[in-house]
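Structural description and commentary
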Amino acid sequence: MAGLNDFAEKKLASLTKNNQLRVYQTTERSDSIYLIREGKHYISFACNDYLGLTHHPKLKVAAIQAVKQYGTGAGSSRLITGNSPFYAILESQLASIKQTEAALVFGSGYLANLGVISALAGPGDLIIADKYIHASMIDAAQLSGATFLRFAHNNLKRCEKLLAEHRAKFRHCLILTETVFSMDGDLAPVEKLLSLAEQYDSWLVSDDAHGFGVTPSTAFPHERHIQMGTLSKSIGAYGGYACATKIVVELLANTARSAMFTTALPPAVLASAAAAIKLIRTTPGLVEMPLRRARLFAQLTGLPRPESAIVPYIIGDSQKALDASLLFAKQGLIVPAIRPPSVPKDTARLRFTFSASHTENHVRKLAQAFNAQFVTFEEPEVVFL
Ligand SMILES: *Cc1c(COP(=O)(O)O)cnc(C)c1O
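Summing up its helical and strand segments, the protein has 14 helices and 13 strands in all. Taken against the 2.2 N^0.38 rule, which gives 21 Å for 385 residues, the C-alpha radius of gyration of the protein at 22 Å falls within 12% of a compact globule. Taken along the three principal axes of its C-alpha coordinates, the protein extends 70 × 60 × 55 Å. Split into buried and exposed, the 385 residues of the protein put 52% on the buried side. Contacts spanning at least 24 positions in sequence make up 67% of the contacts within the protein whose residues lie at least 6 apart. Split by element, the accessible area of the protein, about 19,100 Å² in all, is 55% carbon and sulfur. On the protein, the mean spot of the 39 positive side-chain charges and the mean spot of the 32 negative ones are 3 Å from each other.

Structure representation (structure tokens):
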């Protein structure tokens with residue numbers, strides 16, 4: 001018989017031994033890129049606040065007004081009395097951006113994945129997923145009770161092989177991918193996956209958490225496609241969403257348990273999200289900024305040209321990644337070390353994320369620190385004549 005403390009102690013010792021122990025560090029973000037930890041000031045290259053909207057004055061005003069008008073909390077679930085007027089506004093904005101008939105807002109991206117995937121697949125169904133999908137999709141697939149198979153990252157041939165071998169044995173089949181992969185920053189072949197979904201009588205759920213508001217064109221409307229994502233990253237608020245046809249959204253509203261059995265989002269959160277989407281649509285050039293910053297960083301360091309605002313630098317060993325991250329911190333730069341199980345074994349890495357709020361000088365400072373630590377390319381030789 002083991003006590004609870006005993007259990008915790010052993011488990012934590014094993015996490016520590018494998019360099020997997022996590023620490024929640026108190027962090028003050030009083031700005032979208034500057035932060036304070038233990039009294040020390042840093043520039044962050046770690047946030048998902050891609051457009052710097054968490055601290056935008058207009059969005060703060062929208063949130064404050066919503067608090068004044070509707071209070072701090074929703075009071076109950078959406079199905080009881082929590083369905084504030086902001087939901088309808090936000091859902092119509094999301095449907096319009098994703099070019100779908102309708103949208104459903106959830107409490108978070110995590111909850112959206114749980115709800116959507118378990119509403120569409122269960123025992124007797126098949127889920128085929130990219131190896132690198134986010135933890136929330138993995139959890140959802142496992143909780144759904146469906147048979148869960150995975151294909152090598154972005155490998156359409158492997159995906160098709162699984163479909164060809166297994167699809168016929170199951171009732172429904174769901175394919176899962178991310179549009180922009182959260183730990184690698186590369187893009188999924190969404191249109192080709194949609195063709196496979198058509199060919200093999202399957203449905204596609206794509207998670208646009210890191211694409212929405214960052215990559216310029218992220219709408220892939222299709223009858224077999226659920227486009228999900230989050231309001232917690234580029235939108236600078238909190239929440240998740242799923243966009244699809246009207247009837248599919250109605251199905252989700254009636255069967256996605258993570259939408260039904262949880263309290264509605266606070267009105268202020270919804271109001272700032274709706275205001276953020278409006279701002280993005282009326283500010284030309286804003287969406288392109290994070291990618292431009294990421295590309296400048298890659299140019300200055302000799303890293304491959306990024307396709308998104310996420311630039312990984314794979315180190316391999318977890319301890320080495322942690323040490324590298326610490327070296328950046330000593331220079332006032334927050335760059336997270338991402339370790340297993342967030343990424344596959346032996347692929348611990350530094351993960352740089354860029355924001356519209358970073359100036360070119362911020363990026364140059366980071367690149368200097370990077371180049372001092374890692375030599376990835378030969379400086380062009382200077383020839384004196
Ligand atoms: C962040 C993230 C989520 C979770 O979204 P939250 O709104 O933070 O719960 C889901 N999927 C992916 C790919 C993510 O990066």
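Now that the structure is up, let's keep going.
Attention now moves to the pattern of salt bridges. Enumeration over the complete set of coordinates arrives at 11 salt bridges. Among the ionic pairs, Arg29 bridges to Asp49, the shortest N-O distance being 2.9 Å. Taken together, the residues span a long stretch of sequence, with Arg29 in the loop between α1 (4–17) and β1 (34–37) and Asp49 in the loop between β2 (40–44) and α2 (57–70) at a distance of 20 residues. Given the relative accessible area of 29%, Arg29 is considered partly exposed. By relative accessible area, Asp49 is classed as buried at 4%. Asp208 is paired through a salt bridge with Lys98; the nearest N and O atoms lie 2.6 Å apart.

What follows deals with helix α8 (residues 190–199). Turning to α8, its buried residues number three or more, namely Val190, Leu193, Leu194, Leu196 and Ala197. Relative to the axis of α8, the buried residues are bounded by an arc of 160° and lie together on one face. Exposed residues pointing more than 90 degrees away from the buried face of α8 are listed as Glu191, Lys192 and Gln199. Structurally, α8 contributes buried residues whose contacts are with β5 (147–151), α7 (156–166), β6 (173–178), β7 (203–207) and β8 (225–230).

This part is about the pairing of β6. Of all the 6 residues making up β6, 6 are buried; the element is thus mostly covered by neighbouring parts of the structure. Side chains Cys173, Ile175 and Thr177 project from β6 onto one buried face, and the interleaved Leu174, Leu176 and Glu178 project onto a second face that is buried too. In this structure, strand β4 (residues 126–130) lies alongside β6, joined through 4 bridges in parallel fashion. Counted as the bridge partner of Ile127 is Leu174 from β6. As defined by bridge partners, β6 adjoins β7 across 5 bridges and the pair is classed as parallel.

Our next topic: the site of the ligand. Near the ligand lie 14 residues; those nearest to it are Asp207, His210, Thr230, Ser232 and Lys233. In the environment of the ligand, an oxygen atom lies 2.7 Å from a nitrogen or oxygen atom belonging to the side chain of Thr230. Alone, the ligand offers 380 Å² of accessible surface; in the complex the protein occludes 88% of this. Under a 2 Å grid-point criterion requiring more than half of the atoms, the pocket assigned to the ligand is the largest pocket. Residue classes in the shell around the ligand are distributed as 2 nonpolar, 9 polar and 3 charged.

Topologically, Thr347 is positioned in the loop between β12 (337–338) and β13 (348–353). The exposure class assigned to Thr347 is buried, which follows from its relative accessible area of 16%. Engagement of the side chain of Thr347 in a polar contact is seen with the backbone oxygen of Pro344, the distance being 2.6 Å. At 3.0 Å, the side chain of Thr347 forms a polar contact with the side chain of Arg349. Residues in contact with Thr347, not counting those within four places in the same chain, are Ile314 and Gly316.

Core analysis: the largest hydrophobic core is formed by 35 residues, its most contacted members being Leu90, Leu94, Val105, Leu231 and Ile235. Listing elements by their share of this core, those giving two or more residues are α2, α4 (85–98), β3 (102–106), β9 (240–244) and α11 (267–282). Counting residues per element, this core draws most heavily on α11, which supplies 10 residues. With 28 residues, the next largest nonpolar core counts Ala102, Ile138, Ala146 and Ala259 among its residues.

We now examine the sheet that holds β1. The strand order across the open sheet built from 3 strands is β1-β2-β11, with neighbouring strands paired in mixed fashion. Two strands bound the open sheet, and with one partner strand each, they are β1 and β11 (333–334). The pairing of β2 with β11 spans 2 bridges and is parallel. Note that in β11 the partner of Ile43 across the bridge is Leu333.

Parameters and conventions
Residues numbered from 1 in each chain as written. Predicted model: local features only at pLDDT ≥ 70, side-chain atom pairs only at ≥ 80, totals over all residues. Heavy atoms only, no water. Helix = DSSP H or I, 4+ residues; strand = E, 2+ residues; numbered from the N terminus. Rg over C-alpha atoms; globule rule 2.2 N^0.38 Å. Buried < 20%, exposed > 50% of the residue type's maximum accessible area, 1.4 Å probe, protein only. Contact = heavy atoms within 4.5 Å. Areas by Shrake-Rupley, 256 points an atom, 1.4 Å probe, with all protein chains shown as cover. Lys, Arg positive; Asp, Glu negative; His and termini not counted. Charge placed at Lys NZ, Arg CZ, Asp CG, Glu CD. Salt bridge = Lys/Arg side-chain N within 4 Å of Asp/Glu carboxyl O. Arc of directions from axis to C-beta. Pairing = 2+ DSSP bridges. Near = heavy atom within 4 Å. Polar contact = N/O pair within 3.5 Å; in protein donor to acceptor, adjacent residues only side chain to side chain. 1 Å grid on protein atoms, 1.4 Å probe; cavity = no way out; pocket = protein on both sides within 12 Å on 5 of 7 lines; lining within 4 Å. Sits in = over half its atoms within 2 Å of the grid points. Nonpolar A, V, L, I, M, F, W, Y, C, P; charged D, E, K, R; others polar. Core = buried A, V, L, I, M, F, W, Y, C linked by side-chain atoms within 4.5 Å.

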